[in-house]
Amino acid sequence: MKNLKISFGFISFFLALVSMLLANGLVLLFWYKDAIVRETGSVEKQLESVAALYQANTFVGLDSVKRALVHIGENAHAECIYIKQEQPIWIRENPMCKKSLEGITTEAASRKGLVGRITPVQAPFWSSDKWFSVATSITAQGAEPIFVALATPLRPVTQELFAKEKIIVVYLLVNALVLAVLLFFRLSKTILRPLDKLVGLADAYKGDGQYELLNTGNSNEFVQLSRSMQAMLERIETDRQALRSTIEQLEVANQELRTGRREMVQAEKMAVTGRLAAGLAHEIGNPLGIIGGYLELIKKSDVPSAEKIEFIDRAEGELTRLHGLVKQLVDCGRPALGGKEFFHAQPIVEGVVETLRYGKGNKDIELVVEWNAVDDEIEARIDGLKQVLLNCLLNAVDAVKERHGKNGGRVTILSKNRKSDKADLLVLQIIDNGSGIPTEQLDCIFDPFFTTKSPGSGTGLGLTVSRSIMESFGGELACTSSDSKGTIMELSLPLAIHGDELV
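Computed from a predicted structure; not experimentally measured.

Enquirer: Which residues make up the overall build of the chain, and what values do they have?
Expert: In terms of helices and strands, the chain carries nine helices and twelve strands. Expressed as a percentage of its 503 residues, the buried residues of the chain come to 35%. The contacts in the chain between residues at least 6 apart in sequence include a share of 65% that link residues at least 24 apart. Of the roughly 29300 Å² that the chain leaves accessible, carbon and sulfur atoms contribute 57%.

The following block contains the structure:
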């Protein structure tokens, strides 16, 4: 605001000074013209007097005319005096005015009267190089006409004007300074003070609805601006209250979404676990039957002790296998922990594939792991990665069963490393030779509740939840498919970066 005041003061002073200089220029112009008219008019009247006296035979002969011209020239400080009757005679001559004087004499002869001119015309009015040239023809009865001319510099006139101009300039500068001060205070009262008050109002605004307006007794533009500012601040306060209410509602909705997302992930995990448990029920029943058979044999008294020990060892092996199946099933249904951990992905992938082999109807499907990745350490959650793998593998198994039945189905898990602009990646591709996904449905497979399976066979949340889990790991889940070649689900996960690797 201080800079604004300084700018207004400078502008006001500058405008006043310019206006005074323009006024000074106009005064000088008219003053100069008046002085020139008086000076030239005096010379012209004296020449006209000489012509009248010669015509009245008061002056007799050329010598009388010469004396009269010399007297006029001395009074007018003439530097060129010229007489022409039969021959031209230069009483006084100066190269700077000689040529113009000859020309004006010729013009006076053609007009047969007095001619006066200021030269050079293109020079500015304050120039000290200007000349006044005047010529006329004088005649007497019975005598040849005489042409007389003289040229006088206007330097003395301009020097006298400039000498007096110093006093006028000082007066005008003082006048300009006084007017600039008055104009500044006027502008300060009408512009700067209202601006100060409006700026103070804006700086002191705290949103409490208290606004101090300018004096409403007047109706100038600043009062109208103050009223507009009050209306604007009131709208801002209303909008702020509405925004605060909207933010609170969004926070509640966001919390509900987070809760719903956790519930959706857990529900889909339980659904996948249920599908896996249904597939494992047959495999769990077989070990139980085998264990029961061994127990019946052990009860017999005619069985040698060595065979009983062998039956016990075999029963323990089946129990161990059964325990492993149940543990894998429990791990899949366990709620996810929030924190991430560093681990190698290969054992997890191979463990999920091994679990899937025991599923009902999966023994005839070829499940292959081709591990080509050199680096497989990632930072994620083991249970989350297991859930994504199970979702994708179960979908692949269903697809190959739909196309090939129990024979000819193949699901390959291919691993490799890839570099991207952001990080080095571990890429897992789940490739099947199943029925594939129609092209028009590829954009919808990650939408919630979208499924191509029959009612009761799927919730349509598996891939949605899987993509959400992958994004929480900083990875991506993508799909490419062809009706004739099957489907490729690609999991891209950034490799682990430890603290010492950032140095």
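From this point, things continue past the structure.
Enquirer: Describe the sheet that holds strand β5 (residues 146–153), and please don't skip the residues or the numbers.
Expert: The strands that make up a sheet are held in pairs by hydrogen bonds between backbone atoms, and each pair lies either parallel or antiparallel. One open sheet accounts for five strands, arranged β2-β1-β5-β4-β3; its pairing is antiparallel. The open sheet has two edge strands with one neighbour each: β2 (88–92) and β3 (115–119). Each strand of the sheet is rotated relative to its neighbour by a mean of 15°, with strand direction disregarded. Relative to β5, strand β1 (residues 80–84) runs antiparallel, the two sharing five bridges. Its bridge partner being in β5, K84 is matched across the sheet by F147. On top of the sheet, helix α3 (residues 95–111) reaches β1, β2, β3, β4 (131–138) and β5; it is set at about 35° to β4, its chief contact.

Enquirer: Explain the state of the cysteines residue by residue, including any values.
Expert: Under the defined criterion, the tally for this structure stands at zero disulfides. No disulfide involves C392; its nearest neighbouring cysteine sulfur is the one of C479, lying 8.8 Å away. Among the residues examined, C392 registers a relative accessible area of 2% and is labelled buried.

Enquirer: Summarise the nonpolar core; cite the residues concerned and give the values.
Expert: Generally speaking, soluble globular proteins have nonpolar side chains that are buried together. Grouped together as the largest cluster of nonpolar side chains are 43 residues, with contacts concentrated most on I378, L385, I430 and L491. Of the residues forming this core, the biggest block, ten residues, is contributed by helix α8 (residues 382–404). Setting aside residues no more than four positions away along its own chain, I430 makes contact with L389, C392, L393, A396, V411, T412, I413, T487, I488, M489 and L491. Within the second largest apolar cluster, 24 residues are counted, among which are V50, A140, I146 and L150.

Enquirer: How would you sum up the sheet that holds strand β11 (residues 476–482)? Please name residues and give values.
Expert: Strand order in the open sheet formed by five strands is β7-β9-β10-β12-β11, with mixed pairing between adjacent strands. Each edge of the open sheet is held by one strand with a lone partner, namely β7 (366–371) and β11. Within the sheet, the average angular offset between the axes of one strand and its neighbour, ignoring direction, is 15°. Pairing of strand β9 (residues 410–419) with strand β10 (residues 424–432), which is carried by nine bridges, proceeds in the antiparallel orientation. Paired with R418 across the bridge in β10 is L425. Contacts between α8 and the sheet are confined to β9, β10, β11 and β12 (486–494), with β10 contributing the most and set at about 25° to the helix. With respect to the sheet, helix α9 (residues 462–472) is in contact with β11 and β12, its orientation differing from that of β11 by roughly 135°.

Enquirer: For the packing of helix α7 (residues 345–357) against α8, give the residues involved together with the corresponding values.
Expert: The contact between α7 and α8 brings their axes to 10 Å, and the two run at 45°. Here α7 lies oblique to α8, going by the angle between them. In this structure, the crossing between α7 and α8 has a hand that is right-handed. On the side of α7, the interface is formed by A345, I348, V349, V352, V353 and L356, while α8 contributes I382, L385, K386, L389, L390, L393, L394 and V397. Here the residues of the contact of α7 with α8 are counted per class, giving 13 nonpolar, no polar and one charged.

Enquirer: Kindly report on the pattern of salt bridges, identifying the contributing residues and their values.
Expert: For the coordinates displayed, the defined rule picks out seven salt bridges. A cluster of three or more residues bridged by salt bridges with shared partners is formed by E366, E370 and R410.

Enquirer: Can you break down the packing of α8 against α9 residue by residue, with the values?
Expert: Here α8 crosses α9 at 145°, and the two axes come no closer than 9 Å. With respect to the hand of their crossing, α8 and α9 are arranged in left-handed fashion. In contact with G384, Q387, V388, N391 and N395 of α8, α9 contributes G462, L463, V465, S466, I469 and M470. For the contact of α8 with α9, the class distribution of residues is five nonpolar, six polar and no charged.

Enquirer: Which residues make up helix α2 (residues 62–76), and what values do they have?
Expert: Helix length check: α2 (15 residues) gives 21 Å between terminal C-alpha atoms against 21 Å at 1.5 Å per residue, within 8%. Of the residues making up α2, those classed as buried are S64, V65, A68, L69, I72, G73 and A76.

Enquirer: Can you tell me about a nonpolar patch on the surface, naming the residues and giving the values?
Expert: Residues V170, V174, V178, L179 and L182 make up a contiguous nonpolar surface patch of about 430 Å² in total accessible area. With respect to the secondary-structure elements, V174 resides in helix α4 (residues 155–203).

Enquirer: Talk me through the side chain of T136; I want residue IDs and the actual numbers.
Expert: Relative to the helices and strands, T136 resides in strand β4. Note on T136: relative accessible area 7%, which makes it buried. Here T136 is in contact with L47, A108, G113, L114, I146, F147 and V148, once residues within four sequence places are set aside.

Enquirer: With reference to specific residues and values, describe the pairing of β12.
Expert: Strand residues, when the strand is regular, have side chains that alternate between the two faces of the sheet. By the criterion of burial, β12 is predominantly enclosed, with seven of the nine residues buried. Of the pairings in the sheet, the one linking β10 to β12 comprises eight bridges and is antiparallel in character. Bridge assignment links L426 to a residue of β12, and that residue is L493. Here seven bridges tie β11 to β12, and the two strands are oriented antiparallel to one another. From the neighbouring strand, A478 faces β12, where its bridge partner is E490.

Enquirer: Which residues make up α9, and what values go with them?
Expert: Side chains of residues three or four places apart in an α-helix project in the same direction, reflecting 3.6 residues per turn. The buried fraction of α9 is high, at eight of eleven residues. Taken together, the buried positions of α9 are occupied by G462, L463, T464, V465, S466, S468, I469 and M470. G474 sits one or two positions beyond α9 and adopts a positive phi of about 85°.

Definitions and limits used
- Residues numbered from 1 in each chain as written.
- Predicted model: local features only at pLDDT ≥ 70, side-chain atom pairs only at ≥ 80, totals over all residues.
- Heavy atoms only, no water.
- Helix = DSSP H or I, 4+ residues; strand = E, 2+ residues; numbered from the N terminus.
- Buried < 20%, exposed > 50% of the residue type's maximum accessible area, 1.4 Å probe, protein only.
- Contact = heavy atoms within 4.5 Å.
- Areas by Shrake-Rupley, 256 points an atom, 1.4 Å probe, with all protein chains shown as cover.
- Pairing = 2+ DSSP bridges.
- Axes fitted to C-alpha atoms, helices over the stretch in contact; angles between N-to-C directions.
- Disulfide = S-S within 2.5 Å.
- Core = buried A, V, L, I, M, F, W, Y, C linked by side-chain atoms within 4.5 Å.
- Parallel < 35°, antiparallel > 145°, perpendicular 65-115°, else oblique.
- Left-handed = near helix turned anticlockwise from the far one by under 90°.
- Nonpolar A, V, L, I, M, F, W, Y, C, P; charged D, E, K, R; others polar.
- Salt bridge = Lys/Arg side-chain N within 4 Å of Asp/Glu carboxyl O.
- Expected span 1.5 Å × (residues − 1).
- Patch = residues over 30% accessible without salt bridge, like charges linked within 9 Å, V, L, I, M, F, W, Y side chains within 5 Å.

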